[in-house]
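The residues making up each chain are set out below.
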Amino acid sequence: MTPLVVTIDGPAGVGKTTLAKRVAQAMGVAYLDTGAMFRVLALRLSPVSADTPTEAVSGRIGGLDFSLRGIGADTALLVDGAPVGDEIRTEAVAYAASTLATRPEVRAVLLQAQQRIGRGVSLVAEGRDMGTVVFPAAAHKIFLDASPQVRAVRRVEQLAAMGQPADLAAILADITRRDAQDRTRAEAPLRPAPDAVIIDTSDLDIDGVFARIMAAVAPSV
Ligand code: DC
């Protein structure tokens, strides 16, 4: 049987990861965090500048093997057999990933890796171009959105809950900078697929967004 794919795209800080994990758990399928793949490459390749030649970048990433282990919210992303760690979860790595993601040779390598994973296992895939480029034939496509202000306030609240004070203005600036780069790049820019279900999460909590997504994927559950 052909594996089932659900795509969840949207800008930074909109809640994709939390929701993709929950939906994967509810559907009993794997979860693929494609932003983590770009972050891994950003860490491994650092520093890459606009002057770094294409061949130098391709040569260093072509041989990496990405795979998934497990299912639902506990799915782990492995690189050459080793799980990806929390070292990729900083704003500096996120911005480096966003910059690296403008390079066609990087997108080409990850496109192949993502599609190969999707041919092998049913999954919920989250990112920026899942519904438009990587899985255009996905069974269900979701696009989550919320204003930069709403996303920044949520992030500050998340950090506060973890005991980490955060500066709203700085976080809003990070989000705005990354949004601009992800939406305006020439290759696979962030945008909803024509057949995506668009959910504005501004006035919804996580449970509310989860319910909307589950209603959209209901025919496959
Ligand atoms: O989802 P995230 O914040 O972990 O993603 C980090 C960066 O990686 C994001 O700003 C742009 C890039 N990215 C991308 O270009 N395409 C994807 N499918 C996923 C992420």
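Residues numbered from 1 in each chain as written. Predicted model: local features only at pLDDT ≥ 70, side-chain atom pairs only at ≥ 80, totals over all residues. Heavy atoms only, no water.

J.: I tried to follow the overall build of the protein chain on my own but got confused; where do I start?
T.: Each helix and strand counted, the protein chain has nine helices and eight strands in total. Computed over C-alpha atoms, the radius of gyration of the protein chain comes to 17 Å, within 12% of the 17 Å expected from 2.2 N^0.38 for 221 residues, which places it in the range of a compact globule. Considered along the principal axes of its C-alpha atoms, the protein chain spans approximately 50 × 45 × 35 Å. By the burial criterion, 44% of the 221 residues in the protein chain qualify as buried. In the protein chain, of all internal contacts separated by at least 6 residues, the share reaching a separation of at least 24 is 76%. Accessible surface, the protein chain as shown: approximately 10,500 Å² in total, 56% of it carbon and sulfur. For the protein chain, the distance from the average position of its 23 positive side-chain charges to the average position of its 25 negative side-chain charges is 2 Å. (Helix = DSSP H or I, 4+ residues; strand = E, 2+ residues; numbered from the N terminus. Rg over C-alpha atoms; globule rule 2.2 N^0.38 Å. Buried < 20%, exposed > 50% of the residue type's maximum accessible area, 1.4 Å probe, protein only. Contact = heavy atoms within 4.5 Å. Areas by Shrake-Rupley, 256 points an atom, 1.4 Å probe, with all protein chains shown as cover. Lys, Arg positive; Asp, Glu negative; His and termini not counted. Charge placed at Lys NZ, Arg CZ, Asp CG, Glu CD.)

J.: What is the right way to read the pattern of salt bridges from this model?
T.: Pairs can form between side chains of opposite charge whenever their charged atoms are close. This structure, assessed with the given rule, holds twelve salt bridges. With a shortest N-O distance of 3.1 Å, aspartate 195 and lysine 141 are connected by a salt bridge. Highlighted residues: aspartate 195 in the loop between α8 (168-184) and β8 (197-200) and lysine 141 in strand β7 (residues 140-145), separated in sequence by 54 residues. Notably, a salt bridge pairs aspartate 179 with arginine 151, separated by 2.7 Å at the nearest N-O pair. Here the residue aspartate 179 occupies a position in helix α8, and arginine 151 occupies one in helix α7 (residues 148-161), the gap between them amounting to 28 residues. Residue classification places arginine 151 among the buried residues on the basis of a relative accessible area of 1%. Overlapping salt bridges bring together Asp145, Arg151, Asp179 and Arg183 as one network. (Salt bridge = Lys/Arg side-chain N within 4 Å of Asp/Glu carboxyl O.)

J.: Hey, could you run me through the site of the ligand in this one?
T.: With respect to spatial proximity, 15 residues lie near the ligand, and among them Arg39, Arg107, Arg178, Asp182 and Arg185 are the closest. The separation between an oxygen atom of the ligand and a polar side-chain atom of arginine 185 is 2.8 Å. Burial of the ligand by the surrounding chains reaches 96%, relative to a free accessible area of 440 Å². Looking at the shell around the ligand, the elements that each hand over two or more residues are α2 (34-45), α4 (91-100) and α8. Residue contributions to the shell around the ligand peak at four residues, all from α2. Residues that form the shell around the ligand fall into these classes: four nonpolar, four polar and seven charged. (Near = heavy atom within 4 Å. Polar contact = N/O pair within 3.5 Å; in protein donor to acceptor, adjacent residues only side chain to side chain. Nonpolar A, V, L, I, M, F, W, Y, C, P; charged D, E, K, R; others polar.)

J.: Whenever I open this one, the packing of helix α1 (residues 16-27) against helix α9 (residues 206-217) confuses me. Can you help?
T.: Any two packed helices are characterised by how steeply their axes cross, that is the angle between the axes, and by the distance between the axes. Running from N to C, α1 and α9 cross one another at 50°; their axes reach a closest spacing of 10 Å. As judged from the angle between their axes, α1 and α9 are oblique. Our pair here, α1 against α9, has a crossing hand that is right-handed. Each of Thr18, Leu19, Arg22, Val23, Ala26 and Met27 in α1 lies in contact with α9, whose residues at this interface are Ile206, Asp207, Val209, Phe210, Ile213, Met214 and Val217. (Axes fitted to C-alpha atoms, helices over the stretch in contact; angles between N-to-C directions. Parallel < 35°, antiparallel > 145°, perpendicular 65-115°, else oblique. Left-handed = near helix turned anticlockwise from the far one by under 90°.)

J.: Got a minute to help me understand the nonpolar core in this structure?
T.: One broad rule of soluble globular proteins: the nonpolar side chains tend to lie buried together. Ranked by internal contacts, the top residues of the largest apolar core, which has 31 residues, are Leu32, Met37, Leu41, Phe66, Val106, Leu123 and Phe135. Among the elements of the structure, β2 (30-33), α2, α3 (54-61), β4 (76-79), α4, α5 (104-120), β6 (123-127) and α6 (130-134) are those that each provide at least two residues to this core. Not counting residues within four places of it along the chain, the set of residues in contact with leucine 41 comprises Ile61, Leu64, Phe66, Leu100, Val106 and Leu110. Ranked by size, the runner-up nonpolar core spans 20 residues in total, among them Ile8, Ala24, Val29 and Val124. (Core = buried A, V, L, I, M, F, W, Y, C linked by side-chain atoms within 4.5 Å.)

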